[in-house]
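# Fold and geometry: a report
This is what each chain is made of:
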2 protein chains.
Amino acid sequence: MKQSVGVNRRGEVNKQPHCLGHIQCDIVSVMEAKIEFISAGTVTSPKGFLAGATYAGIKKETEDALDLGILFSKAPCMATALFTTNKIKAAPVILSQKRLRSGRAVAVVVNSGCANACTGEQGLSDAAEMTDLAAAGIGVSAEDILVASTGVIGQRLPMELIRASLKQIVLSTDDSHKLVRAIMTTDTLLKETAVVVRVGENEFIIGGVAKGSGMIHPNLATLLCFLTTDAAVDIGFLKVALQKAADVSFNMISIDGDTSPNDMVLIMANGMAKNGPLSPGSSQAGAFQQALDQVCIYLAKSVARDGEGATKLIEVTIGGALTTAEAKLAARTAVSSPLVKAAVHGNDPNWGRIVAAVGRSGAEVVEAKIDLYLGNICLVRGGCPLSFDKEEVVRVLAGAEVPINLQLNLGTATATAWGCDLSEEYVTINSQYMT
Amino acid sequence: MKQSVGVNRRGEVNKQPHCLGHIQCDIVSVMEAKIEFISAGTVTSPKGFLAGATYAGIKKETEDALDLGILFSKAPCMATALFTTNKIKAAPVILSQKRLRSGRAVAVVVNSGCANACTGEQGLSDAAEMTDLAAAGIGVSAEDILVASTGVIGQRLPMELIRASLKQIVLSTDDSHKLVRAIMTTDTLLKETAVVVRVGENEFIIGGVAKGSGMIHPNLATLLCFLTTDAAVDIGFLKVALQKAADVSFNMISIDGDTSPNDMVLIMANGMAKNGPLSPGSSQAGAFQQALDQVCIYLAKSVARDGEGATKLIEVTIGGALTTAEAKLAARTAVSSPLVKAAVHGNDPNWGRIVAAVGRSGAEVVEAKIDLYLGNICLVRGGCPLSFDKEEVVRVLAGAEVPINLQLNLGTATATAWGCDLSEEYVTINSQYMT
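Reference entry: report on the structure contained in this document. (Residues numbered from 1 in each chain as written. Chains lettered and ligands numbered in written order. Predicted model: local features only at pLDDT ≥ 70, side-chain atom pairs only at ≥ 80, totals over all residues.)

By size, the foremost hydrophobic cluster in this structure holds 288 residues, and its most contacted members are A:Val108 and B:Val108. Not counting residues within four places of it along the chain, the set of residues in contact with B:Val108 comprises B:Leu71, B:Ile145, B:Leu146, B:Val147, B:Ala148, B:Phe226 and B:Leu266. (Core = buried A, V, L, I, M, F, W, Y, C linked by C-beta atoms within 7 Å. Buried ≥ 20, exposed ≤ 12 C-beta atoms within 10 Å, placed from the backbone. Contact = placed C-beta atoms within 7 Å.)

Shown next, in the form of structure tokens:
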């Protein structure tokens, strides 16, 4: 599947902002950049990255279950990550945060089925041992290895199983997509992609995998996301670029309002594309940011679409807000509202819930100025309800993607957030997670 | 059912604070006060209050359906109310807010089935006409009449039906509990109570009705609550007392995180008990505050227990917080977490979700200091998971009331919040509200 810059995978013009904040991209140069999604792209699409996984027995056995994996770069990487803002941080988060102070890493070892959270000193020692085992197998220093876990909170890692299984992992270009399968918990879709970026003579690739379908919320919205690139990127620029990309992607999705002690969005850049160095303000840097935004938005939407029990993706765009912060707040609040989510699930044209959610979001709202659209159908203009063809509205609500657009008409700021509907299945999954 | 001061209806010592802020009650005097719940008590239990209701056809007809009611006091009342913080305010809220600037009222007219919200100028005019019709029927000025509505947002009131039906309402002491039935929407339980307060020679009564089972959340957590008292209360004291009572009751419950444009908690005091005037700091004022807290907590818990699709009440107490604000934040966050609610629904001992919710609440949390109790069972001590008897834990989770107690062990502040479990039924109700 290929796609030009500025056009999303549905073939629509991409509405995402790509020039935000103080790093301005040169519009002319960006126009010369070409960003294309790679067919079956994943985290090992960039040069020099290998991955592998095995089934250690940490999570319940199902056909093809994998629960222990390694992502490795042949060359040392510049690396940075965003971590959970939860005051309760899992042991692997604490250890990886510490190791990333160096700004470097060569690998990450990851398991699903057990979060290694709320496990005290023992948990920290288990997390460190995971990296020791991986280091011994790969032949690098444990200090260069990061660790991530996802699964049930409050249970110790089954270290016997991990010791026995880690050495069985075979690293490859991961054509069988083992790594993304090894990080899944209640996920039902594989979440991975990669884009190739061409700027003049230079070419580099950005890839990524993600997992997450419960405990997903603004302020680091994915449980785990590993991003890779073979571009040579300065660590300072990499940090800024990752935060910006997360702000328009993972921080704009919501499944259920909960956040996990294990959230982690990691990026590793190994420089093997031999591109000229990315300096802020250069055309390459602008293209890199734009491509990273697209990869993150693609993965974030995949997470939202795969929300536990979800049957469709909800996309809420708020326009005409006084500030971007308010636009984001309003978009997130509407897409997180259980009443909005349940109404969309039932194809129920109860649009008042969208207006009410935006009204309580904290954003400035003047009822008499609101315009509300569902797809192309205008339901409210200037605060006044319009009569509508109910069948037509139900048809939009019944789609796989439900676009909601609310214009506040107070300013010029805009933001988009993604979420999913709330189904009976969500409750069933989450009332029987441990039992 | 009768009950002494300081003991709740389950016979446990009442843990609610009753002396908060700058109005200090005299502990010795309060000990002399006696507060008893009145059997079948309601909003007309205080002297001089009458109520009535009819079926106008605004909401779907069911057996015994009522959807239009009036609450009336024979003597003019001091009156004050707390309204929704939603920027989208329903027409009846806007009108009642305006009329309450006088601090006086004699009646409130209320309908269910239509919220009269997002209805523009027409909505305001319809709300005013409702009070005109009630005023003509009762024979008082419309300026002394308040109005409230609850139901679907974005639809006009069916004024023809209301005009035809309002005059049929017969006012009485409401032994048939018509008023509370007339304000129900998806409620399945009648929510009403009254207490009699005796302080020395003085005796007065506080009663209340409430409705609300969806769109319930901290910061005015009930759709509608009407409180009445025959005590003579100064308007300044009444305002402070209502805010304090709401802060430990309606602002501490959560069903689904949404708030409505129609939320309103009204109190009317007609002075017909002929008690000496309540002055701040007096023993009567202390007893009044304590009794009002109890009435509001009783009604708030009734609302939480009757959450849409709920099968049980969840009570989360946070202790040892640095500040009361942080204790409240942590208690509300835990009781609002969809993952906690779903786990409790399924009797799933997934306690890590409680700790994770408190961790993201914004309250200061040190993992290694946390103690967590489910009922009397200690699950976590000093941040370390304890082994537990799963059957015993499931038995507590399967109860009609699930008490969760998390001690932060950082300070001395404490708070309690109430909510309900999240069931498949919640989704079913809310995905088919209009259709």
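All names here are of chain B. Secondary-structure assignment places lysine 191 in strand E6 (residues 191-199). You can call lysine 191 buried: it has 26 C-beta atoms within 10 Å. Each C-alpha atom of the pair lysine 191 and aspartate 263 lies 16 Å from the other, and the pair is 72 residues apart in sequence. Those residues in contact with lysine 191, other than ones at most four positions away along the chain, are Val180, Val209, Ala210, Lys211, Leu299, Ser302, Val303 and Asp306. (Helix = DSSP H or I, 4+ residues; strand = E, 2+ residues; numbered from the N terminus.)

The backbone of A:Ala40 shows a phi angle near 55°, a positive value even though the residue is not glycine. Residue classification places A:Ala40 among the exposed positions, given that 11 C-beta atoms sit within 10 Å.

This part takes up the sheet that holds strand E16 (residues 413-420) of chain B. Residue and element names in this part refer to chain B. In spatial order, the strands read E9-E16-E11-E15-E12-E13-E14; together these 7 strands make up an open sheet with mixed pairing. In this open sheet, the two strands that pair with only one neighbour each are strand E9 (253-254) and strand E14 (384-385). Pairing of strand E11 (residues 313-321) with strand E15 (residues 401-407) involves 7 bridges; the strand directions are parallel. The residue bridging glutamate 315 from the neighbouring strand is proline 403, located in E15. Here helix H10 (residues 352-359) sits on the sheet and contacts strand E12 (371-374), strand E13 (377-381) and E15; the angle it forms with E15, its principal contact strand, is near 55°. (Pairing = 2+ DSSP bridges. Axes fitted to C-alpha atoms, helices over the stretch in contact; angles between N-to-C directions.)

Turning our eyes to something else, we now look at helix H3 (residues 120-138) of chain A. Residues and elements named next belong to chain A. Given a rise of 1.5 Å per residue, 19 residues ought to cover 27 Å, and the 28 Å separating the end C-alpha atoms of H3 matches this to within 8%. Taken residue by residue, H3 has Gly123, Asp126, Ala127, Met130, Thr131, Leu133 and Ala134 as its buried positions. Here the buried residues of H3 occupy an arc of 155° about the axis, which is enough to place them on one side. Seen from the open side of H3, the exposed residues pointing more than 90 degrees away from its buried face are Glu121 and Ala136. (Expected span 1.5 Å × (residues − 1). Arc of directions from axis to C-beta.)

Moving on, we come to the environment of A:Ala117. If you trace the backbone, A:Ala117 turns up in the loop between strand E4 (104-114) and H3. Among the residues examined, A:Ala117 registers 30 C-beta atoms within 10 Å and is labelled buried. When the C-alpha positions of A:Ala117 and A:Glu63 are compared, they lie 27 Å apart, and in sequence the two are 54 residues distant. The residues contacting A:Ala117, other than those within four sequence positions of it, are A:Ile88, A:Ala90, A:Ala91, A:Ile153, A:Gly154, A:Pro261, A:Asn262 and B:Gly352.

Another point: the packing of helix H9 (residues 338-345) of chain A against helix H10 (residues 352-359) of chain A. Residues and elements named next belong to chain A. Closest axis-to-axis distance for the H9/H10 pair is 9 Å, and the angle between their directions is 160°. Classified by the angle between their axes, H9 and H10 sit roughly antiparallel to one another. As for the relative orientation of H9 and H10, their crossing is left-handed in sense. Of the residues in H10, those in contact with Leu339, Val340 and Ala343 of H9 are Arg353, Ile354 and Ala357. A class-by-class count of the residues in the contact of H9 with H10 yields 5 nonpolar, no polar and 1 charged. (Parallel < 35°, antiparallel > 145°, perpendicular 65-115°, else oblique. Left-handed = near helix turned anticlockwise from the far one by under 90°. Nonpolar A, V, L, I, M, F, W, Y, C, P; charged D, E, K, R; others polar.)

Attention shifts here to the packing of helix H3 (residues 120-138) of chain B against helix H4 (residues 159-166) of chain B. In a packed pair of helices, the relevant descriptors are the angle between the two axes and the axis-to-axis distance. Residues and elements named next belong to chain B. With their axes 10 Å apart at the nearest point, H3 and H4 run at an angle of 10° to one another. With respect to H4, the axis of H3 lies roughly parallel. The two elements H3 and H4 cross, and the hand of that crossing is right-handed. Contact residues: Asp126, Glu129, Met130, Leu133, Ala134 and Gly137 in H3; Met159, Ile162, Arg163 and Leu166 in H4. Across the contact of H3 with H4, the residue classes break down as 6 nonpolar, 1 polar and 3 charged.

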